[in-house]
Amino acid sequence: MHDDELPIDLPLVRRLMSEQFPQWAHLPLARLRSAGTVHAVYRLGDEFTVRLPRVGGASGDVLNEHHWLPRLAPLLPFRIPEVVGKGAPDGAYPWPWSVHRWVEGENPLQDQLADPSSLALDLARFITALRRVDTRDAPPAYRGGPLTEVDTETRDALGQLDGIIDTAAASAAWDAALRAPVWTGPPVWVHADLMPGNLLLVEDRLTAVIDFGTMGVGDPACDLIPAWNLLPGPARDLFRAESGADEATWQRGRGWALSMALIQLPYYQDTNPVLAANARHVIRTVLADRATGVTAADRW
């Protein structure tokens, strides 16, 4: 999926396990099918996964997870990844990697939720609990700043999507999001990548949130993106109410969802069909959301 992606295969992972975690090297190992973009994930026996960055930019995320996941886990209402082994780089593999404990669950799919209202409540419960965590010494979140930080990249993506989507409507929606007042409150903890692929459900209820590589502190708006990448209308309204999002934060959250989708679609449309399909869903949802009436952001 990336020009600078490192080839990762079963022999490499077996060798790393044999050299660094011989106590688990005898366990069956198989690559997991995943729509993830920057990590290769392998199932190790019944109890573990092995997770390795595909690109150098994700290596710092691994170190953040090693440090922060054990500190966050007791404070959150749902399971998050548990690091049971901290892999080190070697001559053939240049970055830190992880062994995690296996977590049961299935990724939800947009338009296929059996109980979207319950999921909306679960998601609101997760993000509000995360916001309450002490921010002392916390790193900045990947999407914790103002939307203007991604304006150039978003507009470049709009140029690539001419003739593929309604770029005039998408540009108007993006301009409206940029007009929303910026966050002036204290920075709070955010996951910053609440895509469907990072949520695990059991019997239609949220059981775990995974992939905390973008976590940190900043504007809480970025954790509202499930409102558009996953939840249908009534559940979206419930999620907004339970998360306590004011109008400005809601508009910025919608802007984050739109920006992410616009950037993902041209980049992944030929290499990651699951992510590309979700990006198209987000764009349709955001444009339909705005078409229901003039928002407060349009008046700013």
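Refer to the structure printed above.
Overview of the structure. (Residues numbered from 1 in each chain as written. Predicted model: local features only at pLDDT ≥ 70, side-chain atom pairs only at ≥ 80, totals over all residues. Heavy atoms only, no water.)

1. Here we look at the overall build of the protein chain
Move 1: Along the protein chain, the regular secondary structure elements total 10 helices and nine strands.
Move 2: For the protein chain, the spread of C-alpha atoms along the three principal axes comes to 60 × 40 × 40 Å.
Move 3: Every one of the 300 residues in the protein chain was classed for burial, and the buried ones make up 54%.
Move 4: Restricting the contact set of the protein chain to residue pairs at least 6 apart, pairs at least 24 apart contribute 72%.
Move 5: For the protein chain, the accessible area works out to roughly 13400 Å², and carbon and sulfur atoms hold 51% of it. (Helix = DSSP H or I, 4+ residues; strand = E, 2+ residues; numbered from the N terminus. Buried < 20%, exposed > 50% of the residue type's maximum accessible area, 1.4 Å probe, protein only. Contact = heavy atoms within 4.5 Å. Areas by Shrake-Rupley, 256 points an atom, 1.4 Å probe, with all protein chains shown as cover.)

2. Notes on helix H8 (residues 247–268)
Move 1: Helix length check: H8 (22 residues) gives 31 Å between terminal C-alpha atoms against 32 Å at 1.5 Å per residue, within 8%.
Move 2: Summarising burial for H8: 19 of the 22 residues are buried, a large majority. (Expected span 1.5 Å × (residues − 1).)

3. Quick word on helix H2 (residues 59–72)
Move 1: The end-to-end C-alpha distance of H2, which contains 14 residues, comes to 20 Å, matching closely the 20 Å that a straight helix rising 1.5 Å per residue would cover.
Move 2: A bend of about 35° at His-66 is the largest found in H2, and the proline Pro-70 appears one to four places after it.
Move 3: Three or more residues of H2 are buried, namely Ser-59, Val-62, Glu-65, His-66, Trp-68, Leu-69 and Leu-72.
Move 4: In this structure, the buried residues of H2 make contact with strand S2 (39–44), strand S3 (48–53), strand S4 (83–87), strand S5 (97–101), helix H3 (116–131) and strand S6 (188–190). (Bend = angle between axes of the 7 residues up to and from the residue.)

4. Here's the deal with the environment of Arg-31
Move 1: Take Arg-31: it is sitting in strand S1 (residues 29–31).
Move 2: We classify Arg-31 as partly exposed; its relative accessible area is 38%.
Move 3: Linking Arg-31 and Val-150, residues 119 residues apart in sequence, is a C-alpha distance of 33 Å.
Move 4: In this structure Arg-31 touches Ile-8, Ala-40, Val-41, Tyr-42 and Arg-54, once residues within four positions along its chain are discounted.
Move 5: Polar side-chain contacts of Arg-31 include one of 3.1 Å to the backbone oxygen of Ile-8.
Move 6: A polar contact of 3.3 Å, which involves the side chain of Arg-31, links it to the side chain of Tyr-42. (Polar contact = N/O pair within 3.5 Å; in protein donor to acceptor, adjacent residues only side chain to side chain.)

5. Comments concerning the layout of surface pockets
Move 1: Looking at the second largest pocket, its volume works out to about 160 Å³.
Move 2: Considering the residues around the second largest pocket, the lining is formed by 11 residues, among which Asp-237, Arg-240, Trp-250, Arg-254 and Asp-289 are closest to the centre.
Move 3: Class assignment for the residues of the lining of the second largest pocket results in one nonpolar, four polar and six charged. (1 Å grid on protein atoms, 1.4 Å probe; cavity = no way out; pocket = protein on both sides within 12 Å on 5 of 7 lines; lining within 4 Å. Points joined across faces, edges and corners; volume = space filled by probe spheres on them. Nonpolar A, V, L, I, M, F, W, Y, C, P; charged D, E, K, R; others polar.)

6. Comments concerning the packing of helix H4 (residues 151–160) against helix H5 (residues 167–178)
Move 1: The contact between H4 and H5 brings their axes to 11 Å, and the two run at 170°. It follows that H4 is roughly antiparallel to H5 by the angle criterion. Residues Asp-151, Thr-154, Arg-155 and Leu-158 of H4 pack against Thr-167, Ala-170, Ser-171, Trp-174, Asp-175 and Leu-178 of H5.
Move 2: Classifying every residue of the contact of H4 with H5 by side-chain character gives four nonpolar, three polar and three charged. (Axes fitted to C-alpha atoms, helices over the stretch in contact; angles between N-to-C directions. Parallel < 35°, antiparallel > 145°, perpendicular 65-115°, else oblique.)

7. Remarks on the pattern of salt bridges
Move 1: Scanning the entire structure with this criterion turns up 15 salt bridges.
Move 2: A salt bridge links Glu-5 to Arg-54, with the shortest nitrogen-to-oxygen separation between them at 3.9 Å. Within this pair, whereas Glu-5 is found in the segment before helix H1 (10–20), its partner Arg-54 is found in the loop between S3 and H2, the two being separated by 49 residues in sequence.
Move 3: Residue classification places Arg-54 among the buried positions, given a relative accessible area of 10%.
Move 4: Between Glu-47 and Arg-101 there is a salt bridge, with the nearest N and O atoms lying 3.9 Å from each other. Of this pair, Glu-47 sits in the loop between S2 and S3 while Arg-101 sits in strand S5; the two residues are 54 residues apart in sequence, bridging distant segments of the chain.
Move 5: Relative accessible area serves as the criterion here: at 46%, Glu-47 is assigned to the partly exposed category.
Move 6: On the basis of relative accessibility, which here comes to 28%, the residue Arg-101 falls in the partly exposed class.
Move 7: Look at the salt bridges and you will find they share partners, linking Arg-15, Glu-19 and Asp-90 into a network. (Salt bridge = Lys/Arg side-chain N within 4 Å of Asp/Glu carboxyl O.)

8. What about the pairing of S3?
Taken residue by residue, a regular strand's side chains alternate between the two faces of the sheet.
Move 1: With respect to burial, S3 is a largely interior element, six of its six residues being buried.
Move 2: Linking S2 to S3, which pair antiparallel, is a turn of three residues; within it Gly-45 sits at a positive phi near 60°.
Move 3: Here S3 pairs with S5 via four bridges, running antiparallel. Bridging across to S5, Val-50 finds its partner in Val-99. (Pairing = 2+ DSSP bridges.)

9. Observations concerning unusual backbone geometry
Move 1: A positive phi angle is found at Asp-111, which is not glycine, with a value near 70°.
Move 2: With respect to the element layout, Asp-111 can be found in the loop between S5 and H3.
Move 3: Of the residues examined, Asp-111 reaches a relative accessible area of 63% and is grouped as exposed.
Move 4: A positive phi angle, near 70°, is found at Asp-204, a position not held by glycine.
Move 5: With respect to the helices and strands, Asp-204 occurs in the loop between strand S7 (199–202) and strand S8 (205–209).
Move 6: Taking relative accessible area as the criterion, Asp-204 reaches 39% and is therefore assigned partly exposed.

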